[in-house]
Amino acid sequence: MLKNDLLLKAAKGENTERIPIWLMRQAGRILPEYRAVRSSVNGFKELVKNPELICEVTIQPVDILEVDAAIIFSDILVIPEAMGLNYEMIESKGPFFPKTITQAQDVAQLTTDVIPNLQYVFESIQLTKKTLNNRVPLIGFAGAPWTIFSYMIEGKGSKTFSQAKKMLYTNPVLSHQLLEKITTATIAYLQEQIRCGADIVQVFDSWAGVLSKAQYVEFALPYMQRISAAISDVPVILFAKDAHYILSEFGQTNCSVIGLDWTIDPLKARLEAPTKTLQGNLDPCVLYADVDTIKKEAEKMLQQFGNHRYICNLGHGVYPDVDFEKVKYFINVVKNFKG
Ligand code: CP3
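Once a new chain begins, its residue numbering starts again from 1 and follows that chain's sequence as written. Where totals are concerned, whole chains, interfaces and linings use all residues; where local detail is concerned, this predicted model gives features only for residues with pLDDT of at least 70, and gives and counts side-chain atom pairs only at 80 or more. The side-chain values count all of the structure's non-hydrogen atoms but skip hydrogen atoms and water molecules.

**Digging into the pairing of strand β4 (residues 138-143)**
Burial of β4 is extensive: six of the six residues sit out of reach of the surface. Residue alternation in β4 divides its side chains into two sets, Leu-138, Gly-140 and Ala-142 and Ile-139, Phe-141 and Gly-143, and both sets are buried. Sheet topology places strand β1 (residues 70-71) next to β4; two bridges connect them, and they run parallel. Bridged to Ala-70 within β4 is Leu-138. Should DSSP find at least two bridges between two strands, the strands are taken to pair. Numbering goes from the N terminus for both helices and strands, where a helix is a DSSP run of H or I of at least four residues and a strand is a run of E of at least two. Relative to strand β5 (residues 200-205), β4 is paired through five bridges, and the arrangement is parallel. Across the sheet, Gly-143 pairs through a bridge with Phe-204, a residue of β5. Each residue's exposure class comes from its accessible area (1.4 Å probe, protein chains only) as a fraction of the maximum for that residue type: buried when under 20%, exposed when over 50%, partly exposed otherwise.

**Topic: the pattern of salt bridges**
For this document, the term salt bridge refers to a Lys or Arg side-chain nitrogen within 4 Å of an Asp or Glu carboxyl oxygen. Throughout the structure, instances matching the rule amount to 13 salt bridges. For Glu-81, the salt bridge is made with Lys-49, and the minimal N-O distance between the two is 2.9 Å. Residue Glu-81 is found in helix α5 (residues 78-83), and its partner Lys-49 is found in the loop between α3 (44-48) and α4 (51-64); the two are separated by 32 residues along the sequence. Where salt bridges share partners, they join Lys-45, Lys-49 and Glu-81 into one cluster.

**Some thoughts on the environment of Leu-302**
By secondary structure assignment, the location of Leu-302 is in helix α15 (residues 291-305). Taking relative accessible area as the criterion, Leu-302 reaches 0% and is therefore assigned buried. Sequence-wise, Leu-302 and Val-236 are 66 residues apart; in three dimensions their C-alpha atoms are separated by 22 Å. Once residues lying within four places of it in the same chain are set aside, the contact partners of Leu-302 are Ile-19, Tyr-310, Cys-312, Val-334 and Phe-337. Any two residues having at least one pair of non-hydrogen atoms within 4.5 Å are treated as being in contact.

**Topic: the environment of Met-24**
Its place among the elements puts Met-24 in the loop between α1 (6-11) and α2 (32-39). Residue class for Met-24 comes out buried when judged on its relative accessible area of 3%. Note: C-alpha distance between Met-24 and Pro-137 (113 residues apart in sequence) is 15 Å. Every residue in contact with Met-24, bar those within four places of it in the chain, is listed here: Gln-202, Phe-204, Phe-239, Asn-313, Leu-314, Gly-315, His-316, Gly-317 and Val-318.

**As for the side chain of Ser-228**
Here Ser-228 shows up in helix α12 (residues 221-230). Ser-228 gets classed as buried once you look at its relative accessible area, which sits at 0%. When near neighbours in sequence (up to four residues on either side) are disregarded, Ser-228 contacts Leu-238, Thr-253, Asn-254 and Cys-255.

**Some thoughts on the nonpolar core**
The nonpolar side chains of soluble globular proteins are, as a tendency, buried together. Here, nonpolar core means buried Ala, Val, Leu, Ile, Met, Phe, Trp, Tyr and Cys residues that are tied together by side-chain atoms lying within 4.5 Å of each other. Counting 133 residues, the largest nonpolar core has Leu-118, Phe-149, Tyr-216 and Phe-330 as its most contacted members. It is helix α10 (residues 172-195) that contributes the most residues to this core, nine residues altogether. When sequence neighbours within four positions are dropped, the list of residues in contact with Phe-149 reads Ala-164, Met-167, Leu-168, Ser-175, Leu-178, Leu-179 and Ile-182.

**Regarding the side chain of Gln-60**
Within the element layout of this structure, Gln-60 appears in helix α4. If sequence neighbours within four positions are ignored, Gln-60 has contacts with Leu-31, Glu-33, Tyr-34, Val-37 and Leu-65.

**Remarks on the sheet that holds β4**
Strand order in the open sheet formed by seven strands is β1-β4-β5-β6-β7-β8-β9, and the pairing between neighbours is parallel. Every interior strand has two partners, whereas the edge strands, β1 and β9 (310-314), have only one.

**Some words on the packing of α2 against α4**
Between the N-to-C directions of two axes lies an angle of 0 to 180 degrees, each axis being a line fitted to C-alpha atoms and, for a helix, fitted only over the stretch in contact. Running from N to C, α2 and α4 cross one another at 170°; their axes reach a closest spacing of 9 Å. Accordingly, the angle class assigned to the pair α2 and α4 is roughly antiparallel. Contacts from Glu-33, Tyr-34 and Val-37 of α2 reach α4 at Leu-53, Glu-56, Val-57, Gln-60 and Ile-64. Looking at the contact of α2 with α4 residue by residue, the classes come out as five nonpolar, one polar and two charged. The labels follow the angle: roughly parallel below 35 degrees, roughly antiparallel above 145, roughly perpendicular from 65 to 115, and oblique for the rest. Only Asp, Glu, Lys and Arg are considered charged, only Ala, Val, Leu, Ile, Met, Phe, Trp, Tyr, Cys and Pro nonpolar, and every remaining residue, Gly among them, polar.

**Re α10**
Multiplying one less than the number of residues by 1.5 Å gives the expected span of a helix. Taking 1.5 Å per residue, 24 residues should reach 34 Å; α10 reaches 34 Å between its end C-alpha atoms and fits that length. Directly beyond the C-terminal end of α10, a positive phi value near 135° is found at Gly-197.

If you want it as structure tokens, here you go:
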């Protein structure tokens, strides 16, 4: 059915005629066309709740960058909001939650019945899927329970996430109650995204790197396992940034793909999770370099991963101030790679 199904084939472990590529944060400020849409609305949240505009900005990178997949334009923070914790997106600063979770009563007040509150995402997926007309697969996504928990406790971004970690150490029972609720909501959310047309889903554990292995095993892994096990209709990508220590455990889950950041050696990752497709992992800063350096670094990476069971991506989201011509150049290097 799909005209370009390279991503899905690679995710399922099938051979592909070339390596598929998409980029985290491909829809966003690197594209002048995105910035034009963004400045036509009053703020990020107005954009995120408008299915016509979501459809437009989701498809922009497919047209302009010619990536092998679209990722629905949204944010991981729509889940805390749907559970009852409203967020604000402060211009050039990032997310802010006026109310955070501090005690049992706050957790008790959260709802897991999130589907009615997320209709704008599902409408956006349906419209985007229809407009894409099967050109490329559509990626759905959600934040991982630990990363969502971090924002709900901390109320904003942080270098250390010390308040969120404090909750793990001082109130592990309440922490698990909150993580359970987030997981229940996230599974329902991802399943509904799939029902509405998502062909594959990625779970972003952006702040995994602040946890020790023991903490990850206790407070994050069981929920990643539950999410992977609950989704059987489409492939699942698990991406836990900076979490070198968890690759072999991810290798034992039901997921199809493991996303990697640039601090992880591709050959080592292959040894740790030999049955999974790997995704990543170019340092986004390489795209600031001259084209010869970009080509050299990209080809070194492609050689290390090889062209089987591999999806090319960056090791984290593309930075907004990168020249999009460099992004296009990188994508073409990958598409022309002959292994
Ligand atoms: O192209 C895509 O990848 C799809 C869109 C997408 C956004 N956020 C749009 C966005 C995705 C997949 C996300 C996920 C997300 N959001 C994560 C996980 C991925 C990661 O980067 O680790 C996290 C941690 C967030 C939380 C978040 N949202 C932050 C910290 C910020 C502010 C930082 C920034 O980049 O400005 C956002 C805002 C946000 N989400 C923007 C975009 C395009 C920028 C705001 C704008 O355009 O006004």
